[in-house]
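# Fold and geometry: a report
Residue-level listing of the chains:
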Amino acid sequence: MSDKKKVLMVCLGNICRSPLAEALLRSKVDPDKVYVDSAGLDSYHVGEPPCKTSQEIAREHGLDISGLRARHFQVSDFDHFDYIYVMDKYNMDLIRQKARNKKDLLKVDYILNLIFPGENMEVPDSYQKGKNAAELVYRMLDEATDVLAKKLQS
């Protein structure tokens with residue numbers, strides 16, 4: 001179990017983008033080889049399920065995220081995860097503030113750098129912006145997790 005690659009998806013509240021990314025990646029990797037989780041950088045949604053719009057979009061694409069619950073990112077996550085993917089610049093700024101050293105920082109990247117290397121593009125925050133915004137987020141994360149799944153299983 002300790003040889004599993006461990007991936008953490010991070011957004012601000014852990015109720016819209018990161019649960020989608022978590023579920024997408026889980027659906028594409030062998031759970032015996034890759035552990036996937038998600039967390040939020042702020043704690044105001046801890047214990048809550050993903051937002052209804054994200055749940056609806058996931059369900060329409062054959063994923064069930066209703067059982068996921070938001071959790072707060074902990075500094076110890078740097079010790080437990082090999083890869084930490086953030087959704088936007090604000091998330092990146094917050095996580096950099098929590099990093100203790102260069103080793104921590106080297107684990108962190110924008111998730112969209114998987115499909116647009118070095119561009120530091122952001123996944124828009126779809127929370128309370130409706131179904132079209134959530135669908136766009138889903139498509140971006142689907143493409144990025146395709147690339148990540150191949151990378152993790154090679």
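Up top is the structure.
Let me begin by describing the structure that accompanies this report. Since we're looking at a predicted model, the values are computed, not measured.

This next bit is on the packing of helix H1 (residues 17-26) against helix H6 (residues 131-152). At a closest axis distance of 9 Å, the pairing of H1 and H6 adopts a crossing angle of 40°. As the angle between them shows, H1 and H6 are arranged oblique. Of the two elements, H1 crosses H6, and the hand of that crossing is right-handed. For the pair H1 and H6, the contacting residues are Arg17, Leu20, Ala21, Leu24 and Leu25 in the first and Val137, Tyr138, Leu141, Asp142, Thr145, Leu148, Ala149 and Leu152 in the second.

Another point: the pattern of salt bridges. Applying the stated criterion across every chain yields a total of 13 salt bridges. Arg26 serves as the salt-bridge partner of Glu22, at 2.7 Å between the closest nitrogen and oxygen. One end of the pair is Glu22 and the other is Arg26, both in helix H1 and four residues apart, which spans about a single turn. A residue is classified by how much of its surface remains accessible, and Arg26, at 42% relative accessible area, is partly exposed.

With that out of the way, let us pick up the environment of Asp32. As for its position among the elements, Asp32 is in the loop between H1 and strand E2 (34-40). The class of Asp32 is exposed, set by a relative accessible area of 61%. It is 7.0 Å that separates the C-alpha atoms of Asp32 and Lys4, two residues lying 28 residues apart in sequence.

Most of E2 sits out of view: six of its seven residues are buried. Pairing between strand E1 (residues 5-11) and E2: seven bridges, direction parallel. Bridged to Met9 within E2 is Ser38. Handedness of the crossover joining E1 and E2 through H1 is recorded here as right-handed.

Analysis parameters
Residues numbered from 1 in each chain as written. Predicted model: local features only at pLDDT ≥ 70, side-chain atom pairs only at ≥ 80, totals over all residues. Heavy atoms only, no water. Axes fitted to C-alpha atoms, helices over the stretch in contact; angles between N-to-C directions. Helix = DSSP H or I, 4+ residues; strand = E, 2+ residues; numbered from the N terminus. Parallel < 35°, antiparallel > 145°, perpendicular 65-115°, else oblique. Left-handed = near helix turned anticlockwise from the far one by under 90°. Contact = heavy atoms within 4.5 Å. Salt bridge = Lys/Arg side-chain N within 4 Å of Asp/Glu carboxyl O. Buried < 20%, exposed > 50% of the residue type's maximum accessible area, 1.4 Å probe, protein only. Pairing = 2+ DSSP bridges. Right-handed = clockwise from strand over helix to strand, strands pointing away.

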